[in-house]
Amino acid sequence: ALDNRESTCDVKVTVIDEEEPTISCDGLALTTSTDPTVCSYVYNYTFPIGQDNCPDVVTSNTQGPPFSTPYLFPPDTTTVEYEAVDAAGNRASCTFDVTVLDQEKPTIECPRDTIRPCFDTSPEVSGKAQTSDNCQDISFP
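Participant: An account of the overall build of the protein is needed here, citing residue identities and associated values.
Facilitator: Broken down by element type, the protein carries 0 helices and 8 strands. For the protein, the sequential pattern of α-helices and β-strands runs β-β-β-β-β-β-β-β. Of all 141 residues assigned to the protein, the portion counted as buried reaches 24%. Sequence separation of 24 or more characterises 57% of the internal contacts of the protein that already satisfy a separation of 6 or more. Per element, the accessible surface of the protein, about 10500 Å² overall, is 50% carbon and sulfur.

In structure tokens form, the structure reads like this:
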């Protein structure tokens, strides 16, 4: 019976992923002041997650604070970068800046007033001003 004849052949199919993954840090940039009485700002943000046309994209933190939240950002501008890498090694990244400003004024507590008799020529004043600041201690000689 001629109907039962079969032929087979092998074909090698190679899938090439040339499309880079995508990742977005839109809306994560921030400029703010330090939290009250401390020298930092606690920022809770949602990590950017890489997307790709193929499965198995890995997102990692490549610059800035560790890959954890919340993170204490010090006064300054910190650039944070995330990178998405797909199984083919294609890469994409995004960055955002977190700027923390120290706008909390230092405090000073002056020594109590001193009254001296008019014949006392001593320049010495008793007591020392006490100061404090959320980011560093201030002192006077």
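Participant: Help me get a handle on the state of the cysteines, residues and values and all.
Facilitator: By definition, a disulfide is the covalent link that joins the sulfur atoms of two cysteine residues. This model, assessed by the stated rule, comprises 2 disulfides. There is a disulfide in this structure between C25 and C94, and the S-S distance comes to 2.0 Å. With the S-S dihedral at roughly 60°, the linkage between C25 and C94 falls on the right-handed side. Highlighted residues: C25 in the segment before β1 (30–33) and C94 in strand β6 (residues 91–101), separated in sequence by 69 residues. Summarising the burial analysis for this pair, C25 and C94 share the class buried. Each disulfide of the protein joins two cysteines, and with those cysteines numbered along the sequence the arrangement is 1-3, 2-4.

Participant: I'd like to hear about unusual backbone geometry, residue by residue, with values.
Facilitator: The backbone phi angle of T37 is positive, close to 70°, even though this residue is not glycine. By the secondary structure assignment, T37 is in the loop between β1 and β2 (41–43). For T37, a relative accessible area of 62% translates into the label exposed. Phi at D56 is positive, roughly 75°, even though this residue is not glycine. Relative to the elements of secondary structure, D56 occurs in the loop between β2 and β3 (58–63). Residue classification places D56 among the exposed positions, given a relative accessible area of 60%.

Cut-offs and rules
Residues numbered from 1 in each chain as written. Predicted model: local features only at pLDDT ≥ 70, side-chain atom pairs only at ≥ 80, totals over all residues. Heavy atoms only, no water. Helix = DSSP H or I, 4+ residues; strand = E, 2+ residues; numbered from the N terminus. Buried < 20%, exposed > 50% of the residue type's maximum accessible area, 1.4 Å probe, protein only. Contact = heavy atoms within 4.5 Å. Areas by Shrake-Rupley, 256 points an atom, 1.4 Å probe, with all protein chains shown as cover. Disulfide = S-S within 2.5 Å.

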